[in-house]
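Coordinates in review
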Amino acid sequence: MKTALTIAGSDSSGGAGMQADIKTMTANGVYAMSAVTALTAQNTTGVTDILEATPSFLKAQLDAVFTDIFPDAVKLGMVSSGALIAVIADALTRYGAKHIVVDPVMVATSGAALLRPDAMGVLKEQLLPLAEILTPNIPEAELLTGMEIRCPADMERAAQAISEEYGCAVLCKGGHDLNDANDLLWQKGTARWFRGRRIKNPNTHGTGCTLSSAIASNLAKGYDLASSVERAKAYISGALAAQLDLGKGRGPMDHLFDLRSRFIGEDRA
């Protein structure tokens, strides 16, 4: 069985972060492993507290994984401090990690800051150049480039700038009231649009985590980058279309929709 490692924060409500990553990897047919960067107290309405892992404990987690079950792909999510980012970059370099997917989580959907201002430089200098692909949403792409993104052409310019700066592919995600559900993959100087349909579902908590984890899962299984993105978009569309409705705020998706469909009638709750 192929394996994937998520390096991310924990979401106590289960819809985003490490919990979403593990569900996604499992649903996409790979064995999921984890290294916790932070515990968060959060639910569908927002983040109320964050407790970071220490750099030494994060290093111990990474060493434990890489020296035993080497991951075929690595997904990185929320990392809030420069010290933790440096630990991750060192481990990925020392162990020669493959298929690194970085979701540069900076701000939660609720608006809560998830990356300290002084960590941005370390992120850019040490971690982003190690990625095979970055998956920023529009606000994150604006932060990385200093550009305003207001149209599809802006998305292309931003993705190109990020790709050239860090030497990797970039999936600039649509949404945020721009360009419906269409995402732009910039790879080796070429733009490719992945068209999507906007699914009428307000419960989108954890979509970024889910998409990047699905990409990593498919890379781990041997699909090329474009195919991995295409398969990941199909998966997330299915999870949204399942219309799970939990919580008082922006709720989670149904990550196990395909598995659940096999047992229709057994759970009518």
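Before reading on, note that the structure itself is shown above.
In this report, we go over the structure that sits alongside the text. From a predicted model like this one, the values you see are computed outputs, not experimental measurements.

As a further point, take helix α5 (residues 138–145). Taken residue by residue, α5 has I138, E140, A141 and L144 as its buried positions. For α5, the angular spread of buried residues about the axis comes to 160°, placing them on one side. Here the buried face of α5 lies against α4 (120–127), α6 (152–166) and β7 (169–172). The N-terminus of α5 is capped by N137, whose side-chain oxygen sits 2.9 Å from the backbone nitrogen of E140. Of the residues flanking the end of α5, it is G146, one or two places downstream, whose phi is positive at about 75°.

Our next topic: the packing of α5 against α6. Remark: α5 packs on α6, axes separated minimally by 10 Å, with the N-to-C direction vectors making an angle of 55°. When the interaxial angle is binned, α5 and α6 end up oblique. In terms of crossing hand, the pair formed by α5 and α6 is left-handed. Facing A141, L144 and T145 of α5, the residues of α6 in contact are A158, A161 and I162. When its residues are assigned to classes, the contact of α5 with α6 shows 5 nonpolar, 1 polar and no charged.

Let us now look at the state of the cysteines. Going through the model one piece at a time under the given rule, you end up with 0 disulfides. Cysteine C151 remains unbridged, with the sulfur of C172 as its closest cysteine sulfur at 11 Å. For C209, which is in no disulfide, the shortest distance to another cysteine sulfur is to C172 and amounts to 17 Å. Accessibility expressed as a relative area gives 14% for C209, which makes it buried.

Bringing the packing of helix α7 (residues 207–220) against helix α8 (residues 225–241) into the picture now. Their axes nearest at 8 Å, the elements α7 and α8 cross at an angle of 135°. Compared by their axis directions, α7 and α8 come out oblique. For α7 against α8, the interelement crossing comes out right-handed. Here T207, T210, L211, A214, I215, N218 and L219 of α7 lie close against α8, whose contacting residues are L225, S228, V229, R231, A232, K233, Y235, I236 and L240. The class makeup of the residues in the contact of α7 with α8 is 10 nonpolar, 4 polar and 2 charged.

The next point concerns the environment of R250. Tracing the backbone shows R250 in the loop between α8 and α9 (257–260). On the accessibility criterion, R250 (43% relative accessible area) is partly exposed. Sequence-wise, R250 and T44 are 206 residues apart; in three dimensions their C-alpha atoms are separated by 5.2 Å.

As a further point, take unusual backbone geometry. One can expect most non-glycine residues to show negative phi and most peptide bonds to be in trans. At K188, a position not held by glycine, the phi torsion is positive, near 55°. You can see K188 is positioned in the loop between β8 (183–187) and β9 (190–194). A positive phi angle, close to 60°, is found at Q243, a residue other than glycine. By the element assignment, Q243 lies in the loop between α8 and α9. Residue classification places Q243 among the partly exposed positions, given a relative accessible area of 40%.

Overall, mixed pairing links the 9 strands, which are arranged β3-β2-β1-β4-β5-β6-β7-β8-β9 in an open sheet. Each edge of the sheet is formed by a strand with only one pairing partner; in this case those strands are β3 (46–52) and β9. The pairing of strand β6 (residues 133–134) with β7 spans 2 bridges and is parallel. Bridged to I133 within β7 is A169. On the sheet, helix α2 (residues 55–66) packs against β1 (3–11), β2 (31–43) and β4 (73–76) and is oriented at approximately 155° with respect to β2. α7 rests against β1, β4, β5 (100–102), β6, β7 and β8 of the sheet, and its axis sits at about 170° to β4.

One pass over the structure, following the stated rule, counts 9 salt bridges. For R94, the salt bridge is made with D90, and the minimal N-O distance between the two is 2.7 Å. Residue R94 and its partner D90 are located together in helix α3 (residues 82–95), separated by 4 residues, close to a single helical turn. Judged by relative accessible area, R94 falls into the partly exposed class, the value being 42%. Overall, D90 belongs to the partly exposed group, its relative accessible area being 37%. Of the charged contacts in the structure, one is a salt bridge between R157 and D154, with a shortest N-O distance of 2.3 Å. You can see R157 and its partner D154 sitting in helix α6, 3 residues apart, about one turn around the helix.

Each value, and the rule that gives it
- Residues numbered from 1 in each chain as written.
- Predicted model: local features only at pLDDT ≥ 70, side-chain atom pairs only at ≥ 80, totals over all residues.
- Heavy atoms only, no water.
- Buried < 20%, exposed > 50% of the residue type's maximum accessible area, 1.4 Å probe, protein only.
- Helix = DSSP H or I, 4+ residues; strand = E, 2+ residues; numbered from the N terminus.
- Arc of directions from axis to C-beta.
- Contact = heavy atoms within 4.5 Å.
- Polar contact = N/O pair within 3.5 Å; in protein donor to acceptor, adjacent residues only side chain to side chain.
- Axes fitted to C-alpha atoms, helices over the stretch in contact; angles between N-to-C directions.
- Parallel < 35°, antiparallel > 145°, perpendicular 65-115°, else oblique.
- Left-handed = near helix turned anticlockwise from the far one by under 90°.
- Nonpolar A, V, L, I, M, F, W, Y, C, P; charged D, E, K, R; others polar.
- Disulfide = S-S within 2.5 Å.
- Pairing = 2+ DSSP bridges.
- Salt bridge = Lys/Arg side-chain N within 4 Å of Asp/Glu carboxyl O.

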